[in-house]
Amino acid sequence: MTTTLITGGTVVSATGRAPADVLIDGETIRAVLEPGSNLLGTDVAASVDRVIDASGKYVIPGGIDAHTHMQLPFGGTEASDTFETGTRAAAHGGTTSIIDFAVQTYGQRVEDGLAAWHEKAAGNCAIDYGFHQIVGDVNDASLAAMRRLPDEGVSSFKLFMAYPGVFYSDDAQVLKAMQVSRDTGMLTMMHAENGPAIDVLAQQLVDQGKTDPYYHGIARAWEMEEEATHRAIMLAKVADAPLYVVHVSAKQAVEQLATARDKGWNVFGETCPQYLYLSLEDQLGASSDQWGAFEGAKWVCSTPLRSRADGHQHAMWQALRTNDLQMVSTDHCPFCMKDQKDLGLSDFRKIPNGIGGIEHRMDLMYQGVVTGEITLERWVELTSTTPARMFGLAGRKGVIQPGADADIVVYDPNGHTSIGIDKTHHMNMDYSAYEGYEIDGHVDTVLSRGKVVVDGDEYLGAKGDGQFLKRGLSQYLL
């Protein structure tokens, strides 16, 4: 087995930073040593197969993106990244594990939905991967099947209060599913928007001739997110089940989560880079020579981008500092403008919902360190350590410690990354949601279970490097 020493760098964890050398034996971390340590009784650098010089750089655990949608059928098309292309892009950006969503559609068995996602991913991933289970048809058979998911290494499931006729669950279905969560220890993940009310508002806007992408954000008003978030929290309280609210974008929804957490309830939430950096005015309301007012379709996602004038972006950063939100994922669900997003040229309701960003999460969050929004340690905690704890991977992923998988990123704070379709872009889509963004840092080296998969800007990994992660129960519950 190959031995590797990462030397000269500053190892950063969720709790601190210190100069240290990291010794890797095969796929796992063997030791974290003081620089020049003789603890192992030998000249370590002379005895290993490979030495990686991390002088002047940060050595951090590989990123874990716990919310992705590869090859997701949606809106008459399919997310443009395959498990192969999407995980390769993730590796370029310093993410070494993903948790994607297996989908049970209406009328389908939960077991068959999970099997379909295993078939899509097996042998195709560049990095390690796990699954959550979307339950799109809550019935007696589904509830019984959900109880067996932990045995399959799938310890979380997702419900939707949005998308009537597609994934929507009513309150009775949500309560029944949450009771399974209570009994099994699984974590309920919730897309919290009032779907039926949103559909009414969207129809009324279209009837008024307001069909541009901007009105996607108007129809999905923050009140619809706040109300659904509160309702999900109350249903979880009745069921005595833990709750994790995905892609939180409205400051009022954060307030609902904070109130519940202040009472000591097992309620958690994530946000995404798009809700920290992008806005209703600047992106959904954008126009271009090529697309006109349809330019905003590039940023149509749900929950939608919120108004910068109302301070939602500032509130998301604050919630990350105060731990009212615990994680940052991407909700990576890319669609090209041509032949995909343009399905909604005459009606914003027909625009496939999703933004591609898996390649840029670690960089965008590091820029928050540069600008003083979060600390270096909080960066690691939000993007790696907490996702591992939240989703049953603690001790194996998200830390640099003996016995953990050697998923490691050497990050250069003195480097620079320019984001753009002709610059840093490996995702399978024809535009960049973060075109023109400049990052004061650079992913230099990425190791996945001890194998160097990215060196500089060169990809050294291979299709099938990634293994399925059989996850345990959440290790973050109060």
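This one's a predicted model, so the numbers in the text were calculated from it and none came from an experiment.

(A) Quick peek at the packing of aromatic side chains. One pass over the full model with this rule turns up 17 aromatic pairs. Taking 5.8 Å as the distance between ring centres and 35° as the angle between the ring planes, the aromatic pair formed by Phe131 and Phe468 counts as tilted. One end of the pair, Phe131, is in strand 12 (residues 128-135); the other, Phe468, is in the segment after strand 23 (458-459), and 337 residues separate them in sequence. Residue Phe468 is classed as partly exposed on the basis of its relative accessible area, which comes to 23%. Grouped by ring-pair contacts, the aromatic residues Phe74, Phe160, Tyr163 and Phe167 constitute a single cluster. Residue placement shows Lys120 over the ring face of Trp117; its charged tip is 3.6 Å from the ring centre. Above the ring of Phe101, the side-chain terminus of Lys158 is found at 4.6 Å from the ring centroid.

(B) Here's a closer look at the side chain of Thr4. Assignment of secondary structure puts Thr4 in strand 1 (residues 3-7). Here the side chain of Thr4 touches Arg50 through a polar contact of 2.7 Å, side chain to side chain. Residues within four places of Thr4 in sequence aside, it is in contact with Val22, Leu23, Ile24, Val48, Arg50 and Ile52.

(C) Region of the structure containing the pattern of salt bridges. On inspection of all chains with the given rule, the structure shows 23 salt bridges. For Arg308, the salt bridge is made with Asp282, and the minimal N-O distance between the two is 3.3 Å. Pair noted here: Arg308 is in the loop between helix 11 (280-284) and helix 12 (312-322) and Asp282 is in helix 11, with a separation of 26 residues, a long-range link. With its nearest N and O atoms 3.0 Å apart, the salt bridge here joins Lys451 to Asp465.

(D) Looking closely at the packing of helix 8 (residues 222-239) against helix 9 (residues 251-262). Packing of helix 8 against helix 9 leaves a shortest axis separation of 8 Å and a crossing angle of 20°. By the angle class used here, helix 8 and helix 9 are roughly parallel. Helix 8 and helix 9 meet at a crossing whose hand is right-handed. On the side of helix 8, the interface is formed by Trp222, Glu225, Glu226, Thr229, His230 and Ile233, while helix 9 contributes Gln252, Ala253, Gln256, Leu257 and Ala260.

Calculation criteria
- Residues numbered from 1 in each chain as written.
- Predicted model: local features only at pLDDT ≥ 70, side-chain atom pairs only at ≥ 80, totals over all residues.
- Heavy atoms only, no water.
- Phe/Tyr/Trp six-rings, centres within 6.5 Å; stacked < 30°, edge-to-face > 60°.
- Helix = DSSP H or I, 4+ residues; strand = E, 2+ residues; numbered from the N terminus.
- Buried < 20%, exposed > 50% of the residue type's maximum accessible area, 1.4 Å probe, protein only.
- Lys NZ or Arg CZ within 6 Å of the ring centre and 35° of its normal.
- Polar contact = N/O pair within 3.5 Å; in protein donor to acceptor, adjacent residues only side chain to side chain.
- Contact = heavy atoms within 4.5 Å.
- Salt bridge = Lys/Arg side-chain N within 4 Å of Asp/Glu carboxyl O.
- Axes fitted to C-alpha atoms, helices over the stretch in contact; angles between N-to-C directions.
- Parallel < 35°, antiparallel > 145°, perpendicular 65-115°, else oblique.
- Left-handed = near helix turned anticlockwise from the far one by under 90°.

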